[in-house]
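Spelled out from the first residue to the last, the chains are:
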Amino acid sequence: MQYSLSEEEVFVHSTSVLILVGILGLALGALLAFLAVRGRNNVDRTQELELRLREANNKLEDFQLQVNEHFDQTSQLVHNLTESYREVHEYLANSAMRLSSQDIGRQMLEAGSGKLSDNDESQQKVTPPRDWAPKEPGAKGTLDEDFGLDEEPATANR
């Protein structure tokens, strides 16, 4: 028994194979296109992130430059202020020497240079008051919390 296919059966068989191959080709093409577009989106996203990172770094560098310029200018202004103070002090000291006694003028000049005169009160050793110390053994000092308070309050009804 030999089985032979008719021409019509071969045509139907080859048509269904052709349709099946076409569908598989279409699906494979769609999958490849999807993967290509997805990969392209990842590349675009990476480039966008790199661009944003570069912009953030540029902003940081600009900010650091502004901070450095700020402190440079502040330093210069403080230096100018110090020089102005020194000039005013020297002017006042010279005026004091011309207009008052030489001792007062000399003291002002020495105070401006950071030197203190010998009779300056701030150089003398200052001792704190000793009022907290008891005047008699067992007695409380003047600055004690209980000084002047009786241990038992006196009653007025007796």
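Participant: Help me out: how do you make sense of the overall build of the protein in this one?
Facilitator: Regarding its fold elements, the protein presents two helices and zero strands. Within the protein, the proportion of its 158 residues that are buried is 4%. Of the contacts formed within the protein by residues at least 6 apart in sequence, a portion of 0% connects residues at least 24 apart. Here the protein has roughly 15,000 Å² of accessible surface; of this, 58% comes from carbon and sulfur atoms.

Participant: Looking at this model, I keep getting lost on a nonpolar patch on the surface. Mind explaining?
Facilitator: Residues Leu28, Leu31, Leu32, Phe34 and Leu35 make up a contiguous nonpolar surface patch of about 510 Å² in total accessible area. Among the structural elements, Leu28 can be located in helix H1 (residues 7-99).

Participant: Can you help me understand the pattern of salt bridges in this one?
Facilitator: Following the criterion strictly, the structure yields three salt bridges and no others. The partner of Glu48 in a salt bridge is Arg45, with the nearest N and O atoms 3.9 Å apart. Placement of both Glu48 and Arg45 in helix H1 is noted, with a separation of three residues, approximately one turn of the helix. Between Arg86 and Glu83 there is a salt bridge; the shortest N-O distance is 2.7 Å. Taken together, the residues Arg86 and Glu83, both in helix H1 and three residues apart, mark about one turn of the helix. Its relative accessible area of 27% is what places Glu83 among the partly exposed residues.

Cut-offs applied
- Residues numbered from 1 in each chain as written.
- Predicted model: local features only at pLDDT ≥ 70, side-chain atom pairs only at ≥ 80, totals over all residues.
- Heavy atoms only, no water.
- Helix = DSSP H or I, 4+ residues; strand = E, 2+ residues; numbered from the N terminus.
- Buried < 20%, exposed > 50% of the residue type's maximum accessible area, 1.4 Å probe, protein only.
- Contact = heavy atoms within 4.5 Å.
- Areas by Shrake-Rupley, 256 points an atom, 1.4 Å probe, with all protein chains shown as cover.
- Patch = residues over 30% accessible without salt bridge, like charges linked within 9 Å, V, L, I, M, F, W, Y side chains within 5 Å.
- Salt bridge = Lys/Arg side-chain N within 4 Å of Asp/Glu carboxyl O.

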